[in-house]
Amino acid sequence: MSFLHPYTIVPVGDSALAIHFGNVIDDAINKTVLQLFRHIQLSKHPVIIDVVPAFASLTIFYNVAALANSSTTAFDAATHIVESILPGIQTEDDQHEKRVIRVPVLYDVVHGLDLEYVATTCNLSVNDVVAIHTATTYRVFMVGFLPGFPYMGTVDERISVPRKKHPRTKVTAGSVGIAGKQTGVYPLDSPGGWQIIGRTPLKLFDNTKEDGVLLKPGDSIQFYSIARDEFDNYQSRHT
Amino acid sequence: MTIIKAGILDSIQDTGRFGYRHLGINPSGASDVFSCQLANALLGKNLNSPVIEMHFPAAQLQFNKATVLCITGADFAPCINDIPVPINQPFIVPASAVLIFKKPVSGSCCYVSTLPNMDLKKWLNSYSTNLKAAAGGWNGRKLKKGDEVAFSASVDKYEIKTGVVRSLPWYSSLEKNISSDIMVIKGSEWCWLPNEMKQKFLYTSFSISNLSDRMGYRLYGERLEVETGEHLVSTAVSFGTIQLLPNGQLIVLMADHQTTGGYPRIAHVISAHLPYLAQKNPGDTIRFPLAEIETAERKLLQQINYLQQIQKTCKLKIQKYLHADL
């Protein structure tokens, strides 16, 4: 068990507050964020509208009308609620963080539009890039940007290429990308600036399901390389 | 209701979809949440009922049965069968009536609430259209020509027997906001701005660029710079967050904003002034005077109280008027 990391609480507009644990990408800090996130979600506090975990912060949206009264602002009342919860948070083994999800990826130059660029930039072969990208088990730090877009890390330094200067106007759903030390998968067609190295046939976001997001904060992700025919068969089975 | 002609962006919205931001699913919802709720309140309906949000050019709609409507927000010179109809005042339209919007007089987004309600399915607890997720509202997309939106009940049960357009005898007398002042409170990275930049932000005008939509308003104005070279890891952002882009210009995130972002959050527009901002058009200029949280909360609560009072009184009025329980 470890102590709670130092934090600050700041307003995010007039209807939300954020608990900041620093400006870093760090497994231990993110674990604290997610533990706090789950705790607050489970509490189902009626004044809390939305809870959003990020790398090193947790943002809580609250109902101003339900919290404000003549003697205190909603922000102060919400801060008080959060500060009463924080001391109970322990960052020891979290049973929720046991999910390991294997994600098949077709790493080829047709779908991985930047695969050759990444290889050239890093003085590696395409096969080396694939081997390095699949060798790490990644942590989903947060989901954001698009419905079901997982921000994962940490990418091996040998292939950590910064995002593109000029984002593409359309990146196809399923595209696997790298942006510095982060890796991610586009759940939907979208404009995007990450370096695309392959594509997964998995559906990361399904709007027909109540729980349609495949990869969640705290999950462990293992990418593995598949061949073109596996990719095609996968698609025909799943769409 | 039949869509005879589609507008540039007509979508079903309510006050938003909450509880899913941690999955990257943003709240969507009306750009001008106040006008959306006012349209519902004047019909005595639940404030969170679905409405049609339209920009100009707006759709042409035909009502196949007699319907009660209330239009709020932007003034696009609405007409029923070529007869001008009021804004912020409910009216009854006869069967086969056609609603058109003739010209953009003021504002940017207009709302149409209907009685009875449109018969729509909720997605994740909200009627709002999420265009990115292609879900919610009307088949997850904007309305297009030929769409037939059913109503949950027939107005016949309210004994509306009318062959003409008839305005109901109550309205909201709220004056339109014409001020260019959009109040803000400080954001987390406010302190990254050197003093001179803070002054520029607070005391110069910014104009709304053409690159503005339901996702965000990009602004033109004095170039701003932060003091630090520090790179921000992504955190949650919200409707009204003002981010400083790497090119020194600002973007204000609007209703369809993404859930997280990594640019410095200089300030946040106060909730009570988001409806004012949403009604601004490209080319309009705005200023960002600073407010304290107390002020922001007070203004928001005033709006909520106003809407609740209107809803309560109009519910009684409309029940009496239509001789029906709603």
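Residues numbered from 1 in each chain as written. Chains lettered and ligands numbered in written order. Predicted model: local features only at pLDDT ≥ 70, side-chain atom pairs only at ≥ 80, totals over all residues.

Turning our eyes to something else, we now look at the overall build of chain A. Within chain A, the regular secondary structure consists of six helices and 13 strands. Over its C-alpha atoms, taken along the principal directions, chain A stretches across nearly 65 × 35 × 35 Å. Taking all contacts inside chain A whose residues are at least 6 apart in sequence as the whole, residues at least 24 apart take part in 62%. (Helix = DSSP H or I, 4+ residues; strand = E, 2+ residues; numbered from the N terminus. Contact = placed C-beta atoms within 7 Å.)

Here the focus is the nonpolar core. One finds I60 and Y62 of chain A together with A39, I71, Y111, V184 and V252 of chain B to be the most contacted residues of the largest nonpolar core, which totals 155 residues. If one sorts the elements of this core by residue count, helix 1 (residues 33–42) of chain B sits on top with seven residues. Residues within four places of Y111 of chain B in sequence aside, it is in contact with A30, S35, C36, A39, V51, I52, E53, I71, T72 and G73 of chain B. (Core = buried A, V, L, I, M, F, W, Y, C linked by C-beta atoms within 7 Å. Buried ≥ 20, exposed ≤ 12 C-beta atoms within 10 Å, placed from the backbone.)

All names here are of chain B. Taken domain by domain, chain B consists of domain 1 (2–176 + 304–322) and domain 2 (184–269). Taken together, the contact between domain 1 and domain 2 spans eight residues of the former and eight residues of the latter. Considered class by class, the residues forming the side of domain 1 that touches domain 2 number two nonpolar, five polar and one charged. (Domains from an automatic or database assignment. Nonpolar A, V, L, I, M, F, W, Y, C, P; charged D, E, K, R; others polar.)

If you look at the interface, chain B gives 36 residues, while chain A gives 40 residues. The residue makeup of the side of chain B that touches chain A, split by class, is 16 nonpolar, 15 polar and five charged.

Turning our eyes to something else, we now look at the pairing of strand 13 (residues 220–225) of chain A. All names here are of chain A. With six bridges joining them, strand 5 (residues 100–105) and strand 13 adopt parallel strand pairing. Residue pairing across strands places R102 opposite Q222, the latter belonging to strand 13. Here three bridges tie strand 6 (residues 137–143) to strand 13, and the two strands are oriented antiparallel to one another. In the sheet register, R139 faces strand 13, and the bridge partner there is S220. (Pairing = 2+ DSSP bridges.)

Let us look at the domain arrangement of chain A. Residues and elements named next belong to chain A. In terms of domains, chain A is made up of domain 1 (8–93) and domain 2 (99–238). Spacing between the C-alpha centres of domain 1 and domain 2 amounts to 30 Å. Considering each element in turn, the side of domain 1 that touches domain 2 owes the most residues, three residues, to helix 1 (residues 27–43).

Attention now moves to the sheet that holds strand 20 (residues 285–286) of chain B. Residue and element names in this part refer to chain B. Strand order across the open sheet formed by seven strands is 12-19-16-17-14-13-20, with antiparallel pairing between neighbours. Edge positions in the sheet fall to strand 12 (184–186) and strand 20, since each has one partner strand and no second. As paired strands, strand 13 (residues 206–212) and strand 20 are joined by two bridges and run antiparallel to one another. Its bridge partner being in strand 20, F206 is matched across the sheet by I286.

Here we take up unusual backbone geometry. In this structure, T154 of chain A follows G153 of chain A across a cis peptide bond, with omega equal to 5 degrees. With respect to the helices and strands, T154 of chain A occurs in the loop between strand 7 (150–153) and strand 8 (168–171). In this structure, the amide linkage connecting F56 of chain B to the following residue, P57 of chain B, adopts the cis form with an omega of 0 degrees. Within the secondary structure, P57 of chain B is located in the loop between strand 3 (51–54) and strand 4 (60–63). Its identity is not glycine, yet S28 of chain B carries a phi of approximately 50 degrees, on the positive side. Among the secondary structure elements, S28 of chain B is positioned in the loop between strand 2 (11–13) and helix 1. One non-glycine residue with positive phi stands out, namely N88 of chain B, at about 60 degrees.

We now examine the sheet that holds strand 11 (residues 166–167) of chain B. Reading across from one edge, 2-3-10-5-8-11 (chain B) is the order of the six strands in this open sheet, with antiparallel pairing throughout. The sheet terminates laterally at strand 2 and strand 11 of chain B, the two strands that pair on one side only.

Quick look at the packing of helix 1 of chain B against helix 4 (residues 293–322) of chain B now. Residue and element names in this part refer to chain B. Direction vectors running N to C along helix 1 and helix 4 enclose 20 degrees, while the axes themselves pass 8 Å from each other. Relative to helix 4, the element helix 1 is oriented roughly parallel. Like other packed secondary-structure pairs, helix 1 and helix 4 cross with a definite hand, here left-handed. Taking contact as the criterion, the partners of F34, Q37, L38, A41 and L42 in helix 1 are, on helix 4, Q303, L307, I310, Q311 and C314. Partitioned by chemical class, the residues of the contact of helix 1 with helix 4 number seven nonpolar, three polar and no charged. (Axes fitted to C-alpha atoms, helices over the stretch in contact; angles between N-to-C directions. Parallel < 35°, antiparallel > 145°, perpendicular 65-115°, else oblique. Left-handed = near helix turned anticlockwise from the far one by under 90°.)

The subject of this paragraph is helix 3 (residues 74–85) of chain A. Relative to the 16 Å expected for twelve residues at 1.5 Å per residue, helix 3 of chain A spans 17 Å between its end C-alpha atoms, a close match to the ideal helical length. Of the positions making up helix 3 of chain A, those classed as buried are A74, F75, A78 and V82 of chain A. For helix 3 of chain A, the arc enclosing every buried residue in end-on projection is 95 degrees, short of the 170-degree limit, so these residues lie on one face. Exposed residues on helix 3 of chain A whose side chains face more than 90 degrees from its buried face are H80, E83 and S84 of chain A. Residues of helix 3 of chain A that are buried make contact with strand 1 (8–11), strand 2 (16–20), strand 4 (57–62) and helix 2 (64–67) of chain A together with helix 4 of chain B. (Expected span 1.5 Å × (residues − 1). Arc of directions from axis to C-beta.)

Looking along a regular strand, one sees the side chains alternate between the two faces of the sheet. Residues and elements named next belong to chain B. Burial along strand 3 is two-sided: the residues V51 and E53 and I52 and M54 are all buried. Sheet topology places strand 2 next to strand 3; three bridges connect them, and they run antiparallel. By the bridge assignment for strand 3, S11 is matched with E53. Pairing analysis gives three bridges linking strand 3 to strand 10 (residues 106–115), with the strands arranged antiparallel. Within strand 10, the position partnered with I52 by the bridge is V112.

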